[in-house]
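Understanding the architecture of this molecule
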Amino acid sequence: MASKVCGKCCAPKHALPASRSKLKRSLFVEAMAGGIVLILAVLGIVPHPLKVGDQIDLATQQRMQQREEQLRQEMIRLQQEFDKMTQELQSGLFLKNMLLAMWEVWPFGALPGALVLLFELFWMATEVDSDESESSSDESSSSSEEEEEAPVNEWDVGRFLMQQMQVPVLHLAKRCKVVEALVGDLLHACHLITLNTPLLRLEQCIGVGSAFEGWSSHWDTVYSLLVPLKPPTGHCFHLELGAGGELPARHGRVRVELECVCLRQQLLGDVRCFLHRPEAELGRNQGPCLLQYLCSHSYLDVEKTARWFQLTAMNAWLLLPASHRCRLTVLPSSRSCKLRLEKVSGRSLSIEILFGVQQGDSRVFLTSQQARAGLPSSTTWLESCAVPEMLFFRFVARQAPQDSCHLTCLNLFARLLEGTGFSTYCLKTVLMHLLTVIPLSRWHRGHLLERVDGILQYLQRCLEDKQLHHFLLGNERVPREVPLPVAFQTASPLNLFQRLAQEPDAHAQALRDFRRLQVRLRSLL
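Residues numbered from 1 in each chain as written. Predicted model: local features only at pLDDT ≥ 70, side-chain atom pairs only at ≥ 80, totals over all residues. Heavy atoms only, no water.

**Describing the overall build of the chain**
Here is the rule: Numbering goes from the N terminus for both helices and strands, where a helix is a DSSP run of H or I of at least four residues and a strand is a run of E of at least two. In this scheme, a residue with accessible area under 20% of its type's maximum is buried, one over 50% is exposed, and one in between is partly exposed, where area comes from a 1.4 Å probe on protein chains only. Any pair of residues with heavy atoms lying within 4.5 Å of one another is described as a contacting pair. Here, Shrake-Rupley sampling with a 1.4 Å probe gives the accessible areas, and only protein chains in the shown set may cover a residue.
From N to C terminus, the chain includes 20 helices and 12 strands. Residues counted as buried form 42% of the 525 residues belonging to the chain. Nonlocal contacts in the chain, meaning residues at least 24 apart in sequence, comprise 70% of its contacts between residues at least 6 apart. Here the chain displays about 29600 Å² of accessible surface, and carbon together with sulfur accounts for 54% of that area.

And the structure:
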């Protein structure tokens, strides 16, 4: 089992950060003020205690009123000097002034409890100063060994994650909204250009990938968006999913067929029925454009579709106001549209537009995404679960606490995985499983270290069992808000670690990579 990761165990006691010393000093000052008030209150009672049955005469009442007024004045003075206590504590004047003040009002027969209280407060002050001196000396004298093995305690982890991860994520969310709006305007301009042509209909774009899920493993993020494709009037799509691959990495093709629209042509006259009118009657340049220009053997061609959209996007960009402030460059790509926006200041933004055909009412698409092993032909599309996974993270964001740490955990592991054989998708799958097992209320920021350790332990069990199931296949815990095809819901679980079960060398390498991941995490936490 993976060892517990805890900043308190990994960091030496003398390496307290400045933030913790300040907090301890604040607590000490509050305790000092509270102790003084308690002592003064006791002093107002002890010199003249009342016995049972005693009557309060006029002289006693006057003395009590005088004492009450004296205590009130003392409280006012303490309130005025409260803001100066921290500075006096640093110079050692606080305890001296407090003892002098107590000497002036101290009655005969001092209380032992008050002396004990003063001793404890004095010990606390000494401990605070010694902690600070040790911390400052450690910071000034650092050796090469300490630089290599310098542990970071729990306080440093929180500050590191806040500064290095949460702030960029906030900027990432804002940029995603800007990119999504910009691509939406570009698609609208493309629609205006192709309005009178019987070509593809471009639907509203959908942000996918790590950026739109709320995390990103790299600073130079590429914003990926999926554009659903719909057939023009008089055409229809038929998806032919290949049986050679396993869900959800199957290959498929999109067959384009003609539909009869003679009745609409007679009533409205806004379309032509390509099915029942010969191509010669329509004219040589007015044939079934989709089948003629964007298809190969009646199947929608990915590469032709990408080239068509690239040309359309370049012309549509000139219609947008943003074209006067930014320069658009279409980068070479055979299966997508990769754009780079450059401002006058030199800052750039990378965008990749993918194309997809939806499977029924689900949110699973056949997309133009390039497969790792390559695809057999330009008419082959790849099945993708990018949209359901994005919808799952949005669902979690709505249900989880506002300061949930699940994205921080994923962002942290994405950086630690660099140079190992584990992919970010592997850790994302682990996280998605844990998000449906552990109540979302326990993903509060205060549970960060516990959740990080839980992710590490879950991954270790999966490596020992050589089994990590795909999150969306045959998983009853997938929320209903994430629509999936029936084939996904009834499918048997898919083992993402199947290769480890078949190849002992790959399994041994995965275990070594896991130990490297443990060492990296231990050195950080």
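From this point, things continue past the structure.
**Re the packing of aromatic side chains**
What counts here: Two aromatic rings from Phe, Tyr or Trp, using only the six-membered ring of Trp, form a pair when their centres are within 6.5 Å; if the ring planes differ by under 30 degrees the pair is stacked, by over 60 it is edge-to-face, and anything between is tilted.
Evaluation of the coordinates by the stated rule reveals four aromatic pairs. Look at F212 and Y223: their rings are 6.5 Å apart centre to centre, the planes differ by 80°, and that puts the pair in the edge-to-face class. Here the residue F212 occupies a position in helix α9 (residues 209-213), and Y223 occupies one in strand β3 (residues 222-230), the gap between them amounting to 11 residues. The buried category is assigned to F212, whose relative accessible area is 9%. Judged by relative accessible area, Y223 falls into the buried class, the value being 3%.

**Examining empty space enclosed by the protein**
Just so we agree on the cut-off: Definitions used throughout: a 1 Å grid over protein atoms alone; a cavity as a set of points that fits a 1.4 Å probe which cannot get out; a pocket as an open set with protein on both sides within 12 Å along at least five of seven lines; a lining residue as one with an atom within 4 Å of a point. Grid points are joined across faces, edges and corners, and a volume is the space filled by probe spheres set on the points. Three classes are used, and their members are as follows: Ala, Val, Leu, Ile, Met, Phe, Trp, Tyr, Cys and Pro are nonpolar, Asp, Glu, Lys and Arg are charged, and the others, Gly among them, are polar.
A complete count under the given rule lists one cavity of 30 Å³ or more for this structure. If you trace the largest cavity, you find it lined by L182, V183, L186, W317, L328, L339, L341 and I351. If you list the elements that add at least two residues to the lining of the largest cavity, you get α8 (154-193) and β9 (337-343). When residues of the lining of the largest cavity are assigned to their parent elements, the largest contribution, three residues, is made by α8. Along the lines of polarity and charge, the residues of the lining of the largest cavity split into eight nonpolar, no polar and no charged.

**Digging into helix α14 (residues 386-399)**
The cut-off we apply is this: For a helix, the expected span equals 1.5 Å multiplied by the number of residues minus one.
Here α14 contains 14 residues, and its C-alpha end-to-end distance of 20 Å stays within 8% of the 20 Å for a straight helix at 1.5 Å per residue. When α14 is considered as a whole, its buried residues turn out to be V387, P388, E389, M390, L391, F392, F393, F395 and V396. Check the buried side of α14 and you find it contacts β2 (206-208), α9, β3, β11 (365-367), α15 (406-416) and α16 (424-437).

**Some points on the side chain of Q310**
Keep this limit in mind: Any pair of N or O atoms that falls within 3.5 Å is considered a polar contact. Within protein, one atom must be able to donate a hydrogen and the other to accept it, and sequence-neighbouring residues count only if both atoms are side-chain atoms.
Residue placement: Q310 occurs in helix α13 (residues 302-317). Engagement of the side chain of Q310 in a polar contact is seen with the backbone oxygen of S333, the distance being 2.9 Å. Among all residues touching Q310, those that are not within four sequence positions of it are V330, S333, S336 and C337.

**Quick notes on the confidence of the model for the chain**
What counts, and what does not: Every residue is assigned a pLDDT by the predictor, reflecting its confidence on a scale from 0 to 100.
On average, residues of the chain score 76 in pLDDT, and 63% of them are at 70 or above. Low pLDDT (under 50) marks residues 1-20, which in the prediction has 46 contacts with non-local residues, meaning those over four places away or in another chain. Residue range residues 40-56 is modelled with pLDDT below 50. Its contacts to residues more than four positions away, or to other chains, number 17 contacts.

**Side note on the pairing of β9**
The criterion, for reference: Two strands are counted as paired when DSSP detects at least two bridges linking them.
Bridge count for strand β8 (residues 326-331) against β9 is six bridges, and the pairing is antiparallel. Along β9, the bridge assignment pairs L328 with L341. The antiparallel hairpin formed by β8 and β9 contains five residues in its connecting segment. Two elements, β9 and strand β10 (residues 348-358), share six bridges in a ladder whose sense is antiparallel.

**Some thoughts on the packing of α15 against α16**
Helix-helix packing: each pair is described by the crossing angle between the helix axes and the interaxial distance. We count it as follows: Fitting a line to C-alpha atoms yields each axis, with helices limited to the stretch in contact; the angle taken between N-to-C directions then spans 0 to 180 degrees. Angle categories are assigned with fixed cut-offs, so that under 35 degrees is roughly parallel, over 145 is roughly antiparallel, 65 to 115 is roughly perpendicular, and the rest are oblique. Throughout, a crossing is termed right-handed when the near helix is turned clockwise from the far one, and left-handed when it is turned anticlockwise from it by less than a right angle.
With their axes 10 Å apart at the nearest point, α15 and α16 run at an angle of 155° to one another. Comparing their axes, α16 and α15 come out roughly antiparallel. Between α15 and α16 lies a crossing whose hand is right-handed. Where α15 approaches α16, its residues H406, L410, F413 and A414 are matched on the opposing element by T424, L427, K428, L431 and L435. In terms of residue class, the contact of α15 with α16 is made up of six nonpolar, two polar and one charged.

**A few points about α16**
With 14 residues, α16 ought to run about 20 Å at 1.5 Å a step, and its terminal C-alpha atoms sit 20 Å apart, in line with that. Those residues of α16 that sit buried are C426, L427, K428, T429, V430, L431, M432, H433, L434, L435 and T436.

**Observations concerning the side chain of S336**
As for its position among the elements, S336 is in the loop between β8 and β9. By relative accessible area, S336 is classed as buried at 3%. Here E352 takes part through its side chain, which lies 3.0 Å from a polar atom of the side chain of S336. Leaving out residues up to four positions away in the same chain, S336 has contacts with A306, Q310, E352, I353, L354 and F355.

**Here we look at the pattern of salt bridges**
Put simply, the test is: The working definition used for a salt bridge is a side-chain nitrogen of Lys or Arg within 4 Å of a carboxyl oxygen of Asp or Glu.
Here the structure, examined in full by the defined rule, presents 12 salt bridges. For E240, the salt bridge is made with R255, and the minimal N-O distance between the two is 2.7 Å. In this pair, E240 sits in strand β4 (residues 235-241) while R255 sits in strand β5 (residues 251-258), placing the two residues 15 residues apart along the sequence. Residue class for E240 comes out partly exposed when judged on its relative accessible area of 28%. R255 gets classed as partly exposed once you look at its relative accessible area, which sits at 25%. A salt bridge links E503 to R499; the nearest nitrogen and oxygen atoms lie 3.4 Å apart. Linked by salt bridges that have partners in common, E240, R253, R255 and E257 make up one network.

**Description of a nonpolar patch on the surface**
Note the cut-off: The residues that make up patches have over 30% relative accessible area and no salt bridge, and they are joined within 9 Å when like-charged or within 5 Å when they are Val, Leu, Ile, Met, Phe, Trp or Tyr.
A cluster of nonpolar residues, L263, L267 and L268, forms a patch on the protein surface that exposes about 370 Å² of accessible area. Considering the arrangement of structural elements, one finds L263 in helix α10 (residues 262-267).

**Comments concerning the pairing of β10**
Each regular strand displays side chains that alternate between the two surfaces of the sheet. When you tally the buried positions in β10, you get eight out of 11 residues, the bulk of the element. Across seven bridges, β3 lies against β10 in parallel orientation. Residue pairing across strands places L225 opposite I353, the latter belonging to β10. Counting the residues in the hairpin turn of β9 and β10 gives four residues, including G346, whose phi is positive at 100°. In the sheet, β10 pairs with β11 via three bridges, with the strands oriented antiparallel. Of the residues in β11, the one forming a bridge with Q358 is F365.

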